[in-house]
Amino acid sequence: KKQRRPPLKIALGHVATLAIELITGYCSSGIARVLATVPILGNLYYTIEEQDKGLQIALSDANKVVLNESVTSAGVTVTFEEIVYDGERLHVIFSMDEYREIYPLNVFVDGYRVNQAESSRELESDTGYRGLWEIDIEEELPDAFLLTIQIRHMRGIEGDWQVTTPIEKVNNHEKIIAVEQKGTIDGIDYEVDELKISDTGTVLKIRFFEDALKIAVSDDRIAATITDQQGVPLKVVDFDMIAEEKALVYQYRLEPLAPDVKSLALQFYIEPNFPELKEINKLLTHKLPQRISFGKIGKLVITDVVEQGDLRTLRFKVDSYFAFDYTF
């Protein structure tokens, strides 16, 4: 039902733009705009503070559940450390002596098993393995419920590792903004279905009125760059495609919006499903700025190179009508 989109953007074709005005005076408390400064070689571990501002805010809420409950079965111990629910995502921080592949992860809400998809990331740990489950649940959940996390298998080992705890949604001041914007991209009609903003994240749903299978098998796909009213790209934390009868819903999950964001601008474009990768090799000249052509997309302009010991920092800008985002 859900399909993850590969984080790759190359060529672009037809472009359509759309603006969504936010409620005047909305303010995301406790979060300020942070422009990305991502090094080419970064930490091997997933860092919540740097890579998911919304989750960091959720983990500081009073409704976060601190369990630190260890469950041992078949000689293996799993410690369920913290659980938090922000109304959209359920996160579980856990640890064990070493990494073992876990499948399936069963989730029960008030005693009923729910349909969910989960992904895991490794967190930094002094000893053993420490991880983070991000769980997307298909069903609409209440603000408070009894949660059970259950594991029956891990890498050829059968056992019973489970915890049960009451949990409440964090107080993230969630608001749903009524939007009715419509448009067309490459002959496909679309409509902005919902925009939900809160202290812990932003969820944008767009419905494309086209057969989902037809879009999936097409040589091209629809993509979007999302910016604020100043053209600054907003970071997409997660993306899902949800198939419906005669429609395909794109769901973007963004970082919490900064207080100065008054509207969202969406720039839709067409990119190939199977892009032809081209390698461009250029010698860095001593005379700057240096312009390197990317063909139809525009030019990369290297403005300066700063040397500090063995470290070289290269600064550049892009001369293009196209708004690149965080996947640049």
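Let us look at the structure shown here. Values in this document were obtained by computation on a predicted structure and should not be read as measured data. (Residues numbered from 1 in each chain as written. Predicted model: local features only at pLDDT ≥ 70, side-chain atom pairs only at ≥ 80, totals over all residues. Heavy atoms only, no water.)

Moving on: the nonpolar core. Of all hydrophobic cores here, the largest spans 30 residues; its most connected members are Leu204, Ile206, Phe208, Ile222, Tyr250, Tyr252 and Phe268. Among the elements of the structure, strand 14 (188-198), strand 15 (201-208), helix 3 (212-216), strand 16 (220-228), strand 17 (236-244), strand 18 (247-254) and strand 19 (263-272) are those that each provide at least two residues to this core. If one sorts the elements of this core by residue count, strand 14 sits on top with five residues. Other than its neighbours up to four places away in sequence, Tyr250 contacts Leu204, Lys205, Ile206, Phe208, Ile222, Phe239, Asp240 and Met241. Core analysis: the second largest hydrophobic core is formed by 29 residues, Val76, Phe80, Ile102 and Ile149 among them. (Core = buried A, V, L, I, M, F, W, Y, C linked by side-chain atoms within 4.5 Å. Buried < 20%, exposed > 50% of the residue type's maximum accessible area, 1.4 Å probe, protein only. Helix = DSSP H or I, 4+ residues; strand = E, 2+ residues; numbered from the N terminus. Contact = heavy atoms within 4.5 Å.)

Applying the stated rule across the entire model yields two cavities of 30 Å³ or more. By volume, the second largest cavity amounts to about 80 Å³. Around the second largest cavity sit Asp86, Glu88, Arg89, Asn172, Glu174, Lys196, Ser198, Thr200, Gly201, Thr202, Val203 and Arg253, which together line it. A per-class count over the lining of the second largest cavity returns one nonpolar, five polar and six charged. (1 Å grid on protein atoms, 1.4 Å probe; cavity = no way out; pocket = protein on both sides within 12 Å on 5 of 7 lines; lining within 4 Å. Points joined across faces, edges and corners; volume = space filled by probe spheres on them. Nonpolar A, V, L, I, M, F, W, Y, C, P; charged D, E, K, R; others polar.)

This next bit is on the pattern of salt bridges. Where charged atoms from two side chains of opposite charge approach closely, those side chains can pair. Applying the stated criterion across every chain, the model contains 21 salt bridges. A salt bridge links Glu82 to Lys64, with the nearest nitrogen and oxygen atoms 3.7 Å apart. With a gap of 18 residues between them, Glu82 in strand 4 (residues 76-85) and Lys64 in the loop between helix 2 (53-58) and strand 3 (65-73) connect regions that are remote in the sequence. Its relative accessible area of 23% is what places Lys64 among the partly exposed residues. Here Glu194 and Lys205 are joined by a salt bridge, their closest N and O atoms 3.9 Å apart. Residue Glu194 is located in strand 14, and its partner Lys205 is located in strand 15; the two are separated by eleven residues in the primary sequence. The network of salt bridges with shared partners includes Asp52, Asp86, Arg89, Arg121 and Glu134. (Salt bridge = Lys/Arg side-chain N within 4 Å of Asp/Glu carboxyl O.)

Take Glu271: it is sitting in strand 19. A C-alpha to C-alpha distance of 5.5 Å links Glu271 and Arg221, two positions 50 residues apart in sequence. In this structure the side chain of Glu271 is engaged in a polar contact, spanning 2.8 Å, whose partner is the side chain of Arg221. (Polar contact = N/O pair within 3.5 Å; in protein donor to acceptor, adjacent residues only side chain to side chain.)

With that settled, the discussion passes to the environment of Met241. Mapped onto the secondary structure, Met241 falls in strand 17. Remark: the alpha-carbon pair of Met241 and Ala216, spanning 25 residues in sequence, is separated by 9.9 Å.

On to the sheet that holds strand 10 (residues 144-154), then. With antiparallel pairing, the four strands of this open sheet are ordered in space as 7-6-10-11. A strand with exactly one partner marks an edge of an open sheet, and here the two such strands are strand 7 (112-113) and strand 11 (157-168). (Pairing = 2+ DSSP bridges.)

Most peptide bonds take the trans configuration, and most residues that are not glycine carry a negative phi. Of the consecutive residues Tyr103 and Pro104, the connecting peptide bond is found in the cis state with omega at -5°. Relative to the helices and strands, Pro104 resides in the loop between strand 5 (89-96) and strand 6 (105-109). In this structure, Pro289 follows Leu288 across a cis peptide bond, with omega equal to 5°. In this structure, Pro289 sits in the loop between strand 19 and strand 20 (290-293). In this structure, Asp186 is a non-glycine residue whose phi angle is positive, near 55°. Given the relative accessible area of 44%, Asp186 is considered partly exposed. A positive phi angle, close to 65°, is found at Lys246, a residue other than glycine. Topologically, Lys246 is positioned in the loop between strand 17 and strand 18.

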